[in-house]
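# Residue-level structure breakdown
Listed below are the residues making up each chain.
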Amino acid sequence: MKNYHYPKIPTAEITPKHLFQARRKFLQTSGGAALAALLPQPLWAAGGFGEIKKSEFSSDESLTPLQSVTSYNNFYEFGTGKDDPAARAGSLKTRPWTVSIEGEVKKPITFDIDQILKMAPLEERIYRLRCVEAWSMVIPWLGFPLAELIKRAEPTGKAKYVEFVSLHDPQQMPGQKSAVLEWPYREGLRLDEAMHPLTLLTVGLYGEVLPPQNGAPVRIVVPWKYGFKSAKSIVAIRFLEQQPTTSWMQAGPREYGFYANVNPEVDHPRWSQAKERRIGEFLKRKTLMFNGYAEQVAPLYAGMDLARYF
């Protein structure tokens, strides 16, 4: 595909050697084990997933460093500061973990995380991430197309939308003691968006399992939409006939629409979306329509007024 190819780097080598060695040394020191849950863990530690497939959808852009990816996060369940998730997410227990499939499906079912991990071959996909706050990253995610799970659920003819519900547990997620949003966090996609090959059911990053602050143990990544559309720490996936009201739509309907497609021509009411700040870079860069994925996803919105349906 145009402008996309898989970098000729083995997955195991993506995490820089000095970071791997530093982590090992850290864990050997007193107190290191207590903080280990906040670091991404090697895939073999979670049971071994075999070969990671290469993906034709990967960007060839420079990766955002692992340290930035795991320490600069929006995850309001742990607080509204960018460093709050990394500081507080150690309380999240990711085993046992289940995801229920509900609503307009022929096969309602509950999967545990280990079943999900074995559902389809894992792929590494290097995607651009564009936050609605006008900053961005490039992250090597691990997962498989969400469509693989959806096919197993067999949506009925009434299913037009998919809603994602995140964990609600204020003991594990202290940010939920705040009324900044109505909990649990809810996001949604149109069914055809959820089925699109780019939409990734995600279980890892940088060659390792997701750390808690990045949405462990399972999240979605929708790379052509603003980052808040990619629901984290999912416990339920619901198939609906009517468009759901998502958490950010409820909190600010004038600012956060259902679609939230990256669009440099439609500004946020409080700031421009024409440019973005790539984490680790000094100068801003132009924001690309659909975050650079227009060739793949623009047909989903043919004939729609994207300023009205923002």
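Coordinates for the structure precede this section.
What comes next concerns the included structure. All values reported here derive from a predicted model rather than from experimental measurement. (Residues numbered from 1 in each chain as written. Predicted model: local features only at pLDDT ≥ 70, side-chain atom pairs only at ≥ 80, totals over all residues. Heavy atoms only, no water.)

Our next topic: a positive patch on the surface. Residues Lys 275, Arg 277, Lys 284 and Lys 286 make up a contiguous surface patch of positive charge. Tracing the sequence through the fold places Lys 286 in strand S12 (residues 285-286). Looking at Lys 286, the relative accessible area reads 67%, which means it is exposed. (Patch = residues over 30% accessible without salt bridge, like charges linked within 9 Å, V, L, I, M, F, W, Y side chains within 5 Å. Areas by Shrake-Rupley, 256 points an atom, 1.4 Å probe, with all protein chains shown as cover. Salt bridge = Lys/Arg side-chain N within 4 Å of Asp/Glu carboxyl O. Lys, Arg positive; Asp, Glu negative; His and termini not counted. Charge placed at Lys NZ, Arg CZ, Asp CG, Glu CD. Helix = DSSP H or I, 4+ residues; strand = E, 2+ residues; numbered from the N terminus. Buried < 20%, exposed > 50% of the residue type's maximum accessible area, 1.4 Å probe, protein only.)

Turning our attention to the environment of Tyr 185. Mapped onto the elements of the fold, Tyr 185 is located in the loop between strand S5 (161-166) and strand S6 (186-190). Each C-alpha atom, one on Tyr 185 and one on Leu 167, is 7.6 Å from the other, the two residues being 18 residues apart in sequence. In contact with Tyr 185, other than residues within four places in its own chain, are Glu 77, Phe 164, Val 165, Ser 166, Phe 228, Ser 247 and Trp 248. Engagement of the side chain of Tyr 185 in a polar contact is seen with the side chain of Trp 248, the distance being 3.4 Å. (Contact = heavy atoms within 4.5 Å. Polar contact = N/O pair within 3.5 Å; in protein donor to acceptor, adjacent residues only side chain to side chain.)

The next subject is the side chain of Lys 232. Within the secondary structure, Lys 232 is located in the loop between strand S9 (219-221) and strand S10 (234-240). Buried and unpaired, Lys 232 has no salt bridge, with Glu 77 as the nearest side chain of opposite charge at 6.6 Å. Among the polar contacts listed, one links the side chain of Lys 232 to the backbone oxygen of Asn 74, at a separation of 2.9 Å.

The next thing to look at is the pairing of S5. In terms of burial, S5 is a largely internal element, 6 of the 6 residues being buried. Alternating residues of S5 divide into Tyr 161, Glu 163 and Val 165 and Val 162, Phe 164 and Ser 166, and every residue in both groups is buried. Pairing analysis gives 5 bridges linking S5 to S6, with the strands arranged antiparallel. Following the sheet pairing, Phe 164 is matched in S6 by Glu 187. (Pairing = 2+ DSSP bridges.)

What follows covers the packing of aromatic side chains. A full pass over the atoms with the stated rule returns 11 aromatic pairs. When the ring of Phe 290 is compared with that of Tyr 301, the centres are 5.5 Å apart and the planes differ by 15°; the resulting orientation is stacked. Of this pair, Phe 290 sits in the loop between S12 and helix H9 (294-297) while Tyr 301 sits in the segment after H9, placing them 11 residues apart in sequence. The burial state of Phe 290 is the same as that of Tyr 301; both residues are buried. In this structure an aromatic cluster arises from ring pairing among Tyr 161, Phe 258, Tyr 259, Phe 290, Tyr 301 and Tyr 309. The ring of Tyr 293 has Arg 128 lying over it, and the distance from NZ or CZ to the ring centre is 4.7 Å. Across the ring face of Phe 75, the terminal group of Lys 232 is positioned such that the distance to the ring centre comes to 5.1 Å. (Phe/Tyr/Trp six-rings, centres within 6.5 Å; stacked < 30°, edge-to-face > 60°. Lys NZ or Arg CZ within 6 Å of the ring centre and 35° of its normal.)

Ile 101, Phe 164, Ile 220, Trp 224, Ile 237 and Phe 239 are the most contacted members of the largest nonpolar core, which totals 79 residues. With residues up to four places along the chain from it excluded, the contact list for Trp 224 reads Glu 193, His 196, Leu 198, Thr 199, Asn 261, Val 262, Phe 290, Asn 291, Tyr 293, Val 297, Leu 300 and Tyr 301. (Core = buried A, V, L, I, M, F, W, Y, C linked by side-chain atoms within 4.5 Å.)

Take the sheet that holds strand S2 (residues 109-112) next. Read from one edge to the other, the open sheet built from 5 strands follows the order S2-S1-S10-S5-S6, with strand pairing classed as mixed. Either end of the sheet is taken by a strand with one partner, and the two such strands are S2 and S6. Recorded for the sheet is a direction-independent mean angle of 20° between the axes of neighbouring strands. Seen against the sheet, helix H6 (residues 146-153) touches strand S1 (98-103), S2, S5 and S10 and runs at an angle of roughly 60° to S10. (Axes fitted to C-alpha atoms, helices over the stretch in contact; angles between N-to-C directions.)

Let's shift gears to the pattern of salt bridges. All told, the structure shown has 18 salt bridges when counted by the stated rule. Ionic pairing is found between Lys 82 and Glu 133, a salt bridge with its closest N-O pair at 3.0 Å. Here Lys 82, found in the loop between helix H3 (66-69) and helix H4 (84-88), pairs with Glu 133, found in the loop between strand S3 (123-130) and strand S4 (135-145); they are 51 residues apart in sequence, far enough to count as distant. For Glu 163, the salt bridge identified is with Arg 238, shortest N-O distance 3.5 Å. Here Glu 163, found in strand S5, pairs with Arg 238, found in strand S10; they are 75 residues apart in sequence, far enough to count as distant. Salt bridges sharing partners connect three or more residues here, namely Glu 61, Arg 128, Arg 130, Glu 276, Arg 278, Glu 281 and Arg 285.

With that settled, the discussion passes to unusual backbone geometry. In this structure, the amide linkage connecting Trp 183 to the following residue, Pro 184, adopts the cis form with an omega of 0°. Within the secondary structure, Pro 184 is located in the loop between S5 and S6. With an omega dihedral of -5°, the bond running from Ala 216 to Pro 217 counts as a cis peptide bond. When you line up the elements, Pro 217 lands in the loop between strand S8 (208-209) and S9. You will see that Tyr 206, though not glycine, has its phi angle at about 50°, which is positive. Residue placement: Tyr 206 occurs in the loop between strand S7 (200-205) and S8. Overall, Tyr 206 belongs to the buried group, its relative accessible area being 4%.

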